[in-house]
Amino acid sequence: MKYNSQKVAYWFFALSMLLFGIQITYGFIMGFAHMGFDVLHGWIPFNTARAVHTNCLVMWLLSGFMGAAYFIIPDECERELINPKLAYVQLISFAIVGVIALIGFHFNWWEGRKFLEIPRPLDYLVVINVLIFIYLIGGTIWKAKRYTTTSIVLFFGLLMAALLYLPGMLNTVSQTVDSFWRWWVVHLWVEGVWELIMGAILSYLLIKLTGVDREIAEKWLYVIVGFTFLSGILGTGHHYYYIGTPKYWLIIGGVFSALEPLAFLGMAIYAVKVKNLGERNHPNKMALAWSIGCAILSFVGAGFLGFAHTLPQVNLYTHGTLVTAMHGHLAFWGAYAMIVIALITYALPQLTGRKLHDSKLGVFAFWSANIGMIMMTIAFGIAGVAQVYLERKLGLEFLSVQSEIEVHFLGLVLAALVFSSGCIAFIWNFVKHGMPRDTQIGSKVYE
Amino acid sequence: MLSKKSARTFFIAGTVITFGCFIVLTIDTFKKIPAQTNQHNLSESAIRGKHLFDQNNCMGCHTIMGEGAYYAPELTKTYEKRGAKFIEMMLTDPEKMFPGKRKMVKYNFTAQEKQDLIAFLKWVGEIDLNGFPPKPDLQVSQQSVSNLPGNQPSIIQDMCMSCHSLGGQGSQEGPGPALDGVGSKYGVEYLRRWLSNPEEVKPGTEMPNLELDKETIDELVSYLSKLK
Ligand code: HEM
Ligand code: HEM
Ligand SMILES: [Fe+2]
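Rules used in this analysis
- Residues numbered from 1 in each chain as written.
- Chains lettered and ligands numbered in written order.
- Predicted model: local features only at pLDDT ≥ 70, side-chain atom pairs only at ≥ 80, totals over all residues.
- Heavy atoms only, no water.
- Donors = N, O, S within 2.8 Å, 3.2 Å for Na, K, Ca; no water.
- Helix = DSSP H or I, 4+ residues; strand = E, 2+ residues; numbered from the N terminus.
- Near = heavy atom within 4 Å.
- Polar contact = N/O pair within 3.5 Å; in protein donor to acceptor, adjacent residues only side chain to side chain.
- Nonpolar A, V, L, I, M, F, W, Y, C, P; charged D, E, K, R; others polar.
- Phe/Tyr/Trp six-rings, centres within 6.5 Å; stacked < 30°, edge-to-face > 60°.
- Buried < 20%, exposed > 50% of the residue type's maximum accessible area, 1.4 Å probe, protein only.
- Lys NZ or Arg CZ within 6 Å of the ring centre and 35° of its normal.
- Domains from an automatic or database assignment.
- Buried area = accessible area lost by both parts, 1.4 Å probe.
- Salt bridge = Lys/Arg side-chain N within 4 Å of Asp/Glu carboxyl O.
- Expected span 1.5 Å × (residues − 1).
- pLDDT = per-residue confidence, 0-100.
- Patch = residues over 30% accessible without salt bridge, like charges linked within 9 Å, V, L, I, M, F, W, Y side chains within 5 Å.
- Areas by Shrake-Rupley, 256 points an atom, 1.4 Å probe, with all protein chains shown as cover.
- Core = buried A, V, L, I, M, F, W, Y, C linked by side-chain atoms within 4.5 Å.
- Contact = heavy atoms within 4.5 Å.
- Axes fitted to C-alpha atoms, helices over the stretch in contact; angles between N-to-C directions.
- Parallel < 35°, antiparallel > 145°, perpendicular 65-115°, else oblique.
- Left-handed = near helix turned anticlockwise from the far one by under 90°.

**Topic: the coordination of the iron atom of ligand 1**
Four donors placed tetrahedrally about a metal ideally form angles of 109.5 degrees, and six donors placed octahedrally ideally form angles of 90 or 180 degrees. Residues and elements named next belong to chain A. Of the protein atoms, H327 (NE2) alone serves as a donor to the iron atom of ligand 1, at 2.0 Å. A spacing of 4.4 Å is found between the iron atom of ligand 1 and the iron ion (ligand 3). Relative to the helices and strands, H327 resides in helix 12 (residues 322-352).

**Thoughts on the site of ligand 2**
Ligand 2 sits among 27 residues. The nearest are H34, R50, H53 and H329 of chain A together with Y70 of chain B. This site is not confined to one chain, since residues near ligand 2 come from chains A and B. Within the contact set of ligand 2, a nitrogen atom lies 3.4 Å away from a side-chain nitrogen or oxygen of Q23 of chain A. Taking H34 of chain A, its side chain carries an N or O atom lying 2.6 Å from an oxygen atom of ligand 2. Of the residues that constitute the shell around ligand 2, the class distribution is 16 nonpolar, nine polar and two charged.

**Let's talk about the packing of aromatic side chains**
Within this structure, the stated rule accounts for 44 aromatic pairs over all chains. With a centroid separation of 5.4 Å and 65 degrees between ring planes, the pair formed by F227 of chain A and F10 of chain B is classed as edge-to-face. One end of the pair, F227 of chain A, is in helix 7 (residues 214-235); the other, F10 of chain B, is in helix 1 (residues 4-36), on a second chain. Classification of F227 of chain A by relative accessible area gives partly exposed; the value is 32%. Aromatic pair W249 of chain A and F22 of chain B: ring centres 6.2 Å apart, planes at 75 degrees, arrangement edge-to-face. Taken together, the positions of W249 of chain A in helix 8 (residues 248-259) and F22 of chain B in helix 1 put the pair across two chains. Over the face of the ring belonging to Y70 of chain B we find R50 of chain A, whose NZ or CZ atom lies 5.6 Å from the ring centre. The side chain of R182 of chain A reaches across the aromatic face of W183 of chain A, ending 4.5 Å from its centre.

**A look at the site of ligand 1**
Residue and element names in this part refer to chain A. Around ligand 1, 26 residues are found, and the nearest of them are K114, H319, G320, T324 and H327. Within the side chain of H319, an N or O atom sits 2.6 Å from an oxygen atom of ligand 1. If you list the elements that add at least two residues to the shell around ligand 1, you get helix 6 (175-210), helix 9 (261-277), helix 10 (285-308) and helix 12. Considering every element that reaches the shell around ligand 1, the biggest residue donor is helix 12, with six residues.

**Topic: the domain arrangement of chain B**
Quite often, the size of an interface is put as the accessible area lost when its parts meet. Residue and element names in this part refer to chain B. What the domain assignment lists for chain B is domain 1 (41-125) and domain 2 (153-224). Interface area for domain 1 against domain 2, summed over the two sides, is near 1,100 Å², with a carbon-plus-sulfur share of 54%. Viewed at the interface, domain 2 and domain 1 are joined by one salt bridge. Where E211 meets K96, a salt bridge forms, and the shortest distance between an N and an O atom there is 3.8 Å. Counting every contact that joins domain 1 to domain 2 gives two residue pairs in polar contact (both at pLDDT 80 or more). Counting residues per element, the ones that place at least two in the side of domain 1 that touches domain 2 are helix 3 (78-92) and helix 4 (94-97). A class-by-class count of the residues in the side of domain 1 that touches domain 2 yields five nonpolar, one polar and six charged.

**Section: the pattern of salt bridges**
Enumeration according to the criterion identifies 26 salt bridges over all chains in this entry. The salt bridge partner of K7 of chain A is D438 of chain A, with a shortest N-O separation of 2.5 Å. Linking K7 of chain A in the segment before helix 1 (8-35) with D438 of chain A in the segment after helix 15 (406-433), this pair joins segments that are 431 residues apart in sequence. The salt bridge partner of R82 of chain B is E397 of chain A, with a shortest N-O separation of 3.3 Å. Here R82 of chain B, found in helix 3, pairs with E397 of chain A, found in the loop between helix 13 (360-393) and helix 14 (398-404), and the two come from separate chains. Like E397 of chain A, R82 of chain B is buried.

**Comments concerning helix 1 of chain A**
The terminal C-alpha atoms of helix 1 of chain A lie 42 Å apart, and with 28 residues this matches the ideal 40 Å at 1.5 Å per residue to within 8%. Among the 28 residues in helix 1 of chain A, 20 count as buried, and that is most of the element.

**Things to note about the confidence of the model for chain B**
All names here are of chain B. Summing up the model confidence of chain B, the mean pLDDT is 90 and the portion of residues at 70 or higher is 96%. Per-element mean pLDDT across chain B ranges from 52 in helix 6 (residues 142-146) up to 98 in strand 1 (residues 63-64). Model confidence for the complex: the whole-complex pTM is 0.95, and ipTM, which rates the interface, is 0.95.

**Comments concerning the coordination of the iron ion (ligand 3)**
Residues and elements named next belong to chain A. For the iron ion (ligand 3), the protein coordination sphere consists of H187 (ND1), E191 (OE), E191 (OE), H238 (NE2) and H239 (NE2), at 2.1 to 2.7 Å. In terms of primary sequence, the donors binding the iron ion (ligand 3) are separated according to H-x3-E-x46-H-H. On the basis of relative accessibility, which here comes to 14%, the residue H238 falls in the buried class.

**Side note on a nonpolar patch on the surface**
Residue and element names in this part refer to chain A. Residues F227, I251, V255, L259, L262, L265 and I269 make up a contiguous nonpolar surface patch of roughly 580 Å² in combined accessible area. Of all elements in the fold, only helix 8 and helix 9 reach the threshold of two or more residues within the nonpolar patch. Residue position: I269 is located in helix 9. Among the residues examined, I269 registers a relative accessible area of 43% and is labelled partly exposed.

**What to know about the nonpolar core**
Judged by nonpolar contacts, the single largest core of 196 residues is most densely connected at Y70, W194, I201 and W333 of chain A. At 23 residues, helix 6 of chain A tops the list of elements feeding residues into this core. I201 of chain A has contacts with F65, A68, I72, L154, I339 and L343 of chain A, leaving out every residue within four places of it along the chain. Within the second largest apolar cluster, 28 residues are counted, among which are L148, I155, W194 and L224 of chain B.

**Digging into the environment of I47 of chain B**
By secondary structure assignment, the location of I47 of chain B is in helix 2 (residues 44-55). Using a relative accessible area of 16% as the deciding quantity, one classes I47 of chain B as buried. Put simply, I47 of chain B and D116 of chain B are 69 residues apart on the chain and 7.6 Å apart in space, counted from C-alpha to C-alpha. If we skip the residues at most four places from it in the chain, I47 of chain B touches V173 of chain A together with L42 of chain B.

**Digging into the side chain of E76 of chain A**
Residues and elements named next belong to chain A. With respect to the helices and strands, the residue E76 is situated in helix 2 (residues 46-77). The class of E76 is buried, set by a relative accessible area of 0%. A polar contact is formed between the side chain of E76 and the side chain of R214, at a distance of 2.8 Å. The contact partners of E76, leaving out residues within four places of it in the chain, are R146, T148, T150, S151, Y204 and R214.

**A closer look at the packing of helix 9 of chain A against helix 10 of chain A**
Residue and element names in this part refer to chain A. Two elements in contact, helix 9 and helix 10, have axes separated by 8 Å at closest approach and are oriented at 155 degrees. Put simply, helix 9 runs roughly antiparallel to helix 10. The handedness of the crossing between helix 9 and helix 10 comes out as left-handed. Touching P261, F264, L265, M267, A268, A271, V272 and K275 of helix 9 are L288, I292, A295, I296, S298, F299, A302, G303 and F307, all from helix 10. Here the residues of the contact of helix 9 with helix 10 are counted per class, giving 14 nonpolar, two polar and one charged.

Now the structure itself:
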């Protein structure tokens with residue numbers, strides 16, 4: 001860690017870990033409910049559990065991205081943040097808004113639109129909060145000693161993510177129009193601007209960890225994000241097949257979304273290639289493992305499993321079934337959860353001065369979480385394909401099908417146990433690192 | 001080899017061009033949505049229904065137009081499939097309509113609010129969704145269905161099938177028994193009493209009083225007694 005203000009990143013990471021823990025807990029509630037044990041229904045009905053699960057996910061990833069930005073930007077710009085105190089204000093207000101939203105979900109206070117459940121009054125607070133964040137990051141880059149492609153792409157991704165929150169706040173009366181705008185947020189985030197954020201963090205990590213030439217790394221970054229937008233923007237059409245929008249989206253969405261895996265494929269090839277090219281032998285092996293793992297699993301989860309149901313002929317049958325949940329889990333995990341975890345693994349030894357990254361616990365966390373998540377994906381996949389066949393092909397009643405596939409949720413919960421033990425190990429290792437230390441400022445160890 | 005500058009040009013040009021196309025298509029889509037969704041039928045009541053649907057996060061358990069959660073039935077065609085009466089009873093007491101099954105939240109809606117939600121579901125059901133939900137193309141029960149007597153009252157599909165099965169369709173695992181052959185099991189009088197008020201015939205039964213009117217009961221009884 002070179003600069004004092006990078007320390008704030010630690011607290012964003014800590015918030016991330018907390019929300020991650022809550023997310024997993026509520027995941028189990030839903031897993032059990034699907035198995036037929038909805039004993040908590042009176043207190044935490046399924047829709048509450050789900051809103052907490054997915055909103056915790058989005059919040060911990062955003063908190064991770066913000067922490068990443070506060071860590072990376074001073075380093076790339078070679079200066080302190082323009083106003084470190086304000087960064088703490090932003091952190092605390094972000095946490096408060098998040099906690100209010102999560103509590104509200106338990107009292108039927110929400111907007112009830114998938115992934116955008118946060119109630120409207122809180123949306124305005126989110127906007128203010130993000131404005132502060134963008135101001136801090138943008139201002140720091142503005143006054144920077146040097147401009148790097150990595151920092152520009154990261155900033156651009158964060159700025160666009162903030163702007164794209166706004167279409168989700170439009171008031172609508174028609175379910176079709178509502179859904180149309182909802183995808184501007186959900187799709188253009190995960191299959192657009194978040195990929196910029198991910199690509200930039202990945203490029204930063206690879207430059208640091210493998211010592212690859214910056215020129216080469218950043219050229220690749222442009223090619224990858226170029227493919228992302230080229231396919232991803234019009235690829236939004238794969239959500240406009242069956243919601244009451246014109247038929248031409250079947251062709252446009254089908255063709256362009258089918259190209260989306262290219263960006264993820266590019267990322268995977270790039271990471272593996274750079275790992276072999278790089279001359280540097282960085283001691284933080286686990287950070288490299290998470291980075292390469294991220295590039296590969298994001299291709300599997302987002303690219304491959306996304307492609308599997310993106311053509312309109314297939315999507316007609318899989319639309320709105322557990323097949324989507326299968327894809328959603330591995331895509332979010334591989335692309336965004338893993339990139340945040342990779343950066344945390346890289347940053348922690350620098351922030352705290354403790355060299356725990358290659359500990360047995362850290363290695364166990366990596367394998368257990370990833371193997372567990374792949375098993376969960378398989379469980380969701382089998383349940384999903386069975387559901388599609390029985391419900392959409394054979395025409396059985398929804399609830400009859402659900403009792404038929406209950407057993408796969410036993411599989412899911414068992415896989416989730418493997419997954420969670422890895423996650424707990426990771427969080428425990430995080431705690432063991434302790435707090436950031438001032439003695440680390442200016443230290444070059446583990447850079 | 002590609003230079004960094006041309007890589008950047010590729011990124012910027014690709015983004016600008018596709019985003020331009022996306023905006024043009026968005027404008028065109030907004031011109032076509034009103035016709036495709038029958039916006040002229042979108043009544044005040046249906047709009048209130050949409051807001052109730054959002055405020056209570058029904059999408060947190062159900063899918064609608066294929067979006068939402070995968071825990072409860074897809075609601076796009078529920079109005080067509082079950083009818084207003086069933087939905088109304090569902091919104092009054094879900095446990096009564098699906099005893100012992102997966103739980104839905106019991107809401108305290110006013111009569112007006114229930115009508116609003118029904119109006120909303122009716123409107124959604126009429127949108128042209130380019131073929132979604134798909135017709136089950138491997139459905140096997142077609143043939144056994146055709147062995148059933150003709151003129152089936154529509155209420156059987158709407159209401160009874162959520163608890164009973166008949167000719168291989170409907171709920172296979174209860175809570176009610178299959179209705180095949182009830183005609184030989186019970187006489188007309190019994191069926192009439194049963195449908196008017198199951199509780200009176202068999203205290204503590206799980207079949208709810210569906211508050212059917214006399215004509216419907218007559219129609220049902222004459223149909224059921226043909227199921228030999
Ligand atoms: C990291 C990137 C990605 C993430 C995090 C992600 C996540 C998700 C999530 C959470 C959903 C459910 C959304 C909802 O119903 O509100 C979804 C739907 C979908 N995704 Fe992705 N996705 C990613 C990339 C992709 C890619 C690259 C493709 C195509 C090649 C794709 C194809 C689809 C399709 C077709 C659906 C709609 C499923 C349906 O009709 O129910 N996704 N994705
Ligand atoms: C203990 C581990 C977990 C369990 C048991 C679990 C279980 C579930 C269940 C049952 C659903 C609801 C599906 C439905 O609507 O019926 C769900 C939704 C979801 N979960 Fe998880 N989950 C876990 C961890 C995770 C993790 C780590 C991530 C992200 C990296 C994640 C991302 C999601 C997403 C994006 C959805 C929404 C999917 C969609 O709408 O298509 N979950 N989860
Ligand atoms: Fe998408």
